[in-house]
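One letter stands for each residue in the lines below.
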Amino acid sequence: MPAQHPPSAGAKPGRLKRRPEFLRVAASGNKAAVGGVVLQVRTRPDADPARLGFTVSKKVGNAVVRNRTRRRLKEAARLLLAERPVAGVDLVLIGRASTRGRNFTTLQADIRRALDRTGA
């Protein structure tokens, strides 16, 4: 049986999947638009690892383009949160049309700046 590790600050972030969760984060009013992404942040009273949600509207393109954009956001967030863990917040990353053509390093820098602006 594999060993069970307790959650730590570097634990894998949870996911936001249901519409009411996204709406709660949007209603919190704390957001930052930087370059290719919009970041919405909602603080929680616990110290659990951050929960992430990703969304890309139909304005960005067809399903193939939206899914590719969402995958790029997920990977950029995964790498960034591995080096800089965040706890006690729900984060929603919203992809824009400029997200898909953005250099990956620049996309990571956009997310980093958005985290700094929101204080997450």
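From a predicted model like this one, the values you see are computed outputs, not experimental measurements.

About the criteria used
Residues numbered from 1 in each chain as written. Predicted model: local features only at pLDDT ≥ 70, side-chain atom pairs only at ≥ 80, totals over all residues. Heavy atoms only, no water. Buried < 20%, exposed > 50% of the residue type's maximum accessible area, 1.4 Å probe, protein only. Helix = DSSP H or I, 4+ residues; strand = E, 2+ residues; numbered from the N terminus. Arc of directions from axis to C-beta. Contact = heavy atoms within 4.5 Å. Pairing = 2+ DSSP bridges. Polar contact = N/O pair within 3.5 Å; in protein donor to acceptor, adjacent residues only side chain to side chain. Axes fitted to C-alpha atoms, helices over the stretch in contact; angles between N-to-C directions. Patch = residues over 30% accessible without salt bridge, like charges linked within 9 Å, V, L, I, M, F, W, Y side chains within 5 Å. Areas by Shrake-Rupley, 256 points an atom, 1.4 Å probe, with all protein chains shown as cover. Salt bridge = Lys/Arg side-chain N within 4 Å of Asp/Glu carboxyl O. Lys, Arg positive; Asp, Glu negative; His and termini not counted. Charge placed at Lys NZ, Arg CZ, Asp CG, Glu CD. Expected span 1.5 Å × (residues − 1).

Asks: Could you clarify how one ought to interpret helix α1 (residues 19–27) in this entry?
Replies: An α-helix turns once per 3.6 residues; consequently, residues spaced three or four apart project the same way. The complete set of buried residues in α1 reads Glu21, Phe22 and Val25. Angular distribution of buried residues about the axis of α1 spans 100 degrees; they occupy a single face of the element. Among the exposed residues of α1, those oriented more than 90 degrees off its buried face are Arg19 and Ala27. For α1, the elements touching its buried residues are β3 (37–43), β4 (51–56) and β5 (89–95). Remark: Gly29 follows α1 within two positions and exhibits a positive phi of approximately 85 degrees.

Asks: Quick question: what am I supposed to make of the pairing of β4 here?
Replies: The two faces of a sheet get side chains in turn, since along a regular strand they alternate between them. One ladder, built from two bridges, connects strand β1 (residues 14–15) with β4; its direction is parallel. Bridging from a neighbouring strand, Arg15 pairs with Leu52 of β4. Across six bridges, the pairing between β4 and β5 is parallel. Looking across to β5, one finds that Arg51 is bridged to Asp90.

Asks: For this particular structure, what's the right way to read the side chain of Arg44?
Replies: Topologically, Arg44 is positioned in the loop between β3 and β4. At 2.6 Å, the side chain of Arg44 and the side chain of Asp90 are in polar contact. Once residues lying within four places of it in the same chain are set aside, the contact partners of Arg44 are Pro49, Ala50, Arg51, Gly88, Val89 and Asp90.

Asks: Which parts of the structure should I look at to understand the sheet that holds β4?
Replies: Within a sheet, neighbouring strands are paired by backbone hydrogen bonds and run either parallel or antiparallel to one another. Here we have five strands laid out as an open sheet, ordered β1-β4-β5-β3-β2, and mixed in their pairing. Of all strands in the sheet, those bounded by a partner on one side alone are β1 and β2 (30–34). The pairing of β3 with β5 spans seven bridges and is antiparallel. Within β5, the residue paired with Leu39 across the bridge is Leu93. On the sheet, α1 packs against β3, β4 and β5 and is oriented at approximately 90 degrees with respect to β3. Along the sheet, helix α4 (residues 104–118) makes contact with β2, β3 and β5, crossing β2 at roughly 150 degrees.

Asks: When you look at a positive patch on the surface in this model, what are you seeing that I'm missing?
Replies: Taken together, the side chains of Arg15, Lys17, Arg18, Arg68, Arg71 and Lys74 make up a positively charged region of the molecular surface. Summarising the element assignment, Arg71 is placed in helix α2 (residues 63–83).

Asks: It is not clear to me how α2 should be interpreted in this structure. Could you clarify?
Replies: Over its 21 residues, α2 runs 31 Å from end to end, which matches the ideal 30 Å to within 8%, given 1.5 Å per residue. Residues Val65, Arg66, Thr69, Arg70, Arg72, Leu73, Ala76, Ala77, Leu80 and Leu81 constitute the buried set of α2. Looking down the long axis of α2, one finds its buried residues gathered within 160 degrees of arc, a one-sided arrangement. Among the exposed residues of α2, those oriented more than 90 degrees off its buried face are Val64, Arg71 and Ala82. Buried residues along α2 sit against β3, β4, β5, α3 (97–100) and α4. A distance of 3.2 Å separates the backbone nitrogen of Val64 from a side-chain oxygen at the start of α2, and that oxygen is part of Asn62.

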